[in-house]
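Residue-level structural notes
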Amino acid sequence: MATSFTQTYASRAEKHANQAARALLETIERKRSNLCVSVDVTKQADFLRIIDVVGPYICLVKTHVDVIEDFDYSVIERLQELSTKHDFQIFEDRKFADIGNTVALQYSSGVHKIAHWSHLTNAHPVPGPSIITGLASVGLPLGRGLLLLAEMSTKGSLATGAYTEEAVRMARASPDFVIGFIAQRRMDGVGLREGESAGDEDFLILTPGVGLDTKGDGMGQQYRTPRQVVLESGCDVIIVGRGIYGKDNGANPDAVRAQAERYREEGWKAYQERIAATS
Ligand code: S5P
């Protein structure tokens, strides 16, 4: 049977059981974009302007709403309007990491009410399976999807080896809610014990640490190209932040648009090569 590495986004969308995963795969196919833009800026105005500019070229916006200094709930309403206007999904990169009861509260409540508007979110597997139980109690009834951080892009990351394998086993045990991973490579069959089979599992791999012009940021971040990520490592979505909005919080919309177009094209070309090479 063909693995998800060799299948098109469209055919994977048809088969996926999770609503959020299906919506993301359909959006990727419809817009011919496997580009997620990560918008880590501290002012509402910058945040919304960048998203409005890159909107046509992306399948997903990744947010860290807790870094927005002038946050109020209206920014979420504007974000939702932009999501409809430009046809993209939303991923709050919250990296939950606590006991089930606490993460359920952090996900549903507080100032940000993440579960109410974010189609996808993510969690560190470090607390064990109870973190999935806690988040699923909030997210599943809303049709949300969860990604586990199986690996990280940073130099010296501890998320390797047995830790990564356990993360994949945790995901495999909750296929209704866990739709894939933040990781640097495909995870098909990782962590399978003797006699176990991967069946028709289809994990989505969303990959940060993507840049065309630099190899790092001087703070531990490591960048690879869309081609390395999508074609060589078999990942599904490239996550690009500063490579698109630059050092000036995206002050020049034409420059931001040009970079978004460039990364969209590179990511899609790498996917097309992957499919062609394996079909
Ligand atoms: O391993 C990781 C996981 C994540 S979610 N490495 C990462 O860089 N990230 C996030 O991706 C990080 O929090 C940031 O929001 C984004 C990368 O941003 P860039 O500006 O370095 O492209």
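Residues numbered from 1 in each chain as written. Predicted model: local features only at pLDDT ≥ 70, side-chain atom pairs only at ≥ 80, totals over all residues. Heavy atoms only, no water.

**Some thoughts on the site of the ligand**
In the vicinity of the ligand, 15 residues are found, and the nearest of them are Asp-40, Lys-62, Ser-153, Tyr-223 and Arg-242. A distance of 3.4 Å is found between an oxygen atom of the ligand and a side-chain nitrogen or oxygen belonging to Lys-95. Between the ligand and the protein, one listed contact pairs a nitrogen atom with a side-chain N or O atom of Ser-153 at 2.7 Å. Considering the ligand on its own, with 490 Å² of exposed area, one finds that the protein chains cover 92% of that surface. Here the shell around the ligand is composed, by residue class, of five nonpolar, five polar and five charged. (Near = heavy atom within 4 Å. Polar contact = N/O pair within 3.5 Å; in protein donor to acceptor, adjacent residues only side chain to side chain. Areas by Shrake-Rupley, 256 points an atom, 1.4 Å probe, with all protein chains shown as cover. Nonpolar A, V, L, I, M, F, W, Y, C, P; charged D, E, K, R; others polar.)

**Description of the UniProt feature "domain: Orotidine 5'-phosphate decarboxylase" (unreviewed entry) in the protein**
The positions UniProt marks with the feature "domain: Orotidine 5'-phosphate decarboxylase" (unreviewed entry) are residues 34–263. As annotated, residues 34–263 has a helix share of 33% and a strand share of 17%, and its two end C-alpha atoms lie 9 Å apart. (UniProt positions renumbered as here; feature names shortened; annotations may be inferred. Helix = DSSP H or I, 4+ residues; strand = E, 2+ residues; numbered from the N terminus.)

**Points about the pairing of strand S1 (residues 35–39)**
Where burial is concerned, most of S1 is hidden: five out of the five residues are buried. Two strands pair when backbone bridges link them, and S1 and strand S8 (residues 237–240) are joined in this way by three bridges, in the parallel orientation. When the bridges of S8 are listed, Leu-35 appears paired with Ile-238. The pairing of S1 with strand S2 (residues 60–63) spans four bridges and is parallel. Paired with Val-37 across the strands is Val-61, a residue of S2. (Buried < 20%, exposed > 50% of the residue type's maximum accessible area, 1.4 Å probe, protein only. Pairing = 2+ DSSP bridges.)

**Details of the pattern of salt bridges**
One pass over the structure, following the stated rule, counts 22 salt bridges. Of the charged contacts, one joins Arg-169 and Glu-166 as a salt bridge, the two residues approaching to 2.6 Å between their closest N and O atoms. Of the two residues, Arg-169 and Glu-166 both sit in helix H7 (residues 161–172), three residues apart, roughly one turn of that helix. (Salt bridge = Lys/Arg side-chain N within 4 Å of Asp/Glu carboxyl O.)

**What about the side chain of Lys-62?**
Inspection of the secondary structure puts Lys-62 in strand S2. For Lys-62, a relative accessible area of 6% translates into the label buried. A polar contact of 3.3 Å, which involves the side chain of Lys-62, links it to the side chain of Ser-38. The contact partners of Lys-62, leaving out residues within four places of it in the chain, are Cys-36, Val-37, Ser-38, Val-39, Asp-40, Phe-91, Asp-93 and Ile-239. (Contact = heavy atoms within 4.5 Å.)

**Points about the sheet that holds strand S6 (residues 178–182)**
With parallel pairing, the eight strands of this closed barrel are ordered in space as S1-S2-S3-S4-S5-S6-S7-S8. The average angle at which neighbouring strand axes cross in this sheet is 30 degrees, direction not considered. Helix H3 (residues 44–54) contacts S1 and S2 of the sheet and is inclined by roughly 165 degrees relative to S1. Sitting on the sheet, helix H6 (residues 130–139) touches strand S3 (89–96), strand S4 (120–123), strand S5 (145–149) and S6, and the angle it makes with S5 is about 155 degrees. (Axes fitted to C-alpha atoms, helices over the stretch in contact; angles between N-to-C directions.)

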